[in-house]
Amino acid sequence: MTSDELKNIILEIIREIAPEADLSQLDPDIRFRDQFEFSSVDFLNFSTKLQERLGVRIPETECPLLSSLSGCISYLAPKYR
């Protein structure tokens, strides 16, 4: 899976969880919750959906690595090489 494919999946999941978020202005290096309303429950749902959609297990201790788009891609991309 390419980084672009991962990015598309990540953005799809965010759209499902936070449909009000303006993803056209998303800065990939800034935490999601600093850019739009993304509560801890939203983040839990996000990580759960990522695991389901991608078929990976993300340990709870590593979930903070998923707090931004860049972080998600950096964490997930090596799992698909």
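Residues numbered from 1 in each chain as written. Predicted model: local features only at pLDDT ≥ 70, side-chain atom pairs only at ≥ 80, totals over all residues. Heavy atoms only, no water.

A. View of the environment of Asp22. Among the structural elements, Asp22 can be located in the loop between helix H1 (3-17) and helix H2 (40-54). Within polar-contact distance, the side chain of Asp22 engages the side chain of Ser24 at 2.5 Å. (Helix = DSSP H or I, 4+ residues; strand = E, 2+ residues; numbered from the N terminus. Polar contact = N/O pair within 3.5 Å; in protein donor to acceptor, adjacent residues only side chain to side chain.)

B. Layout of H2. The end-to-end C-alpha distance of H2 is 21 Å, a good match for the 21 Å that 15 residues give at a rise of 1.5 Å each. Asp42, Phe43, Phe46, Ser47, Leu50 and Leu54 are the residues of H2 that are buried. Buried positions in H2, seen along its axis, are confined to an arc of 135° and lie on one side of it. Of the residues in H2, the exposed ones pointing more than 90 degrees away from the buried face are Val41, Leu44 and Glu52. Of the surrounding secondary structure, the elements contacted by the buried residues of H2 are H1 and helix H3 (69-76). Looking one or two residues beyond H2, the residue adopting positive phi is Gly55, at roughly 70°. (Expected span 1.5 Å × (residues − 1). Buried < 20%, exposed > 50% of the residue type's maximum accessible area, 1.4 Å probe, protein only. Arc of directions from axis to C-beta. Contact = heavy atoms within 4.5 Å.)

C. Here's a closer look at the pattern of salt bridges. Under the counting rule described, the total for this entry stands at four salt bridges. Between Glu16 and Lys49 there is a salt bridge; the shortest N-O distance is 3.4 Å. Taken together, the residues Glu16 in helix H1 and Lys49 in helix H2 connect sequence positions 33 residues apart. Classification of Lys49 by relative accessible area gives partly exposed; the value is 30%. Glu16 serves as the salt-bridge partner of Arg53, at 2.7 Å between the closest nitrogen and oxygen. On the criterion of sequence distance, the pair formed by Arg53 in helix H2 and Glu16 in helix H1 is long-range, its members being 37 residues apart. When its relative accessible area of 36% is taken as the criterion, Arg53 is described as partly exposed. If you follow the salt bridges from partner to partner, you end up with Glu12, Glu16, Lys49 and Arg53 in one network. (Salt bridge = Lys/Arg side-chain N within 4 Å of Asp/Glu carboxyl O.)

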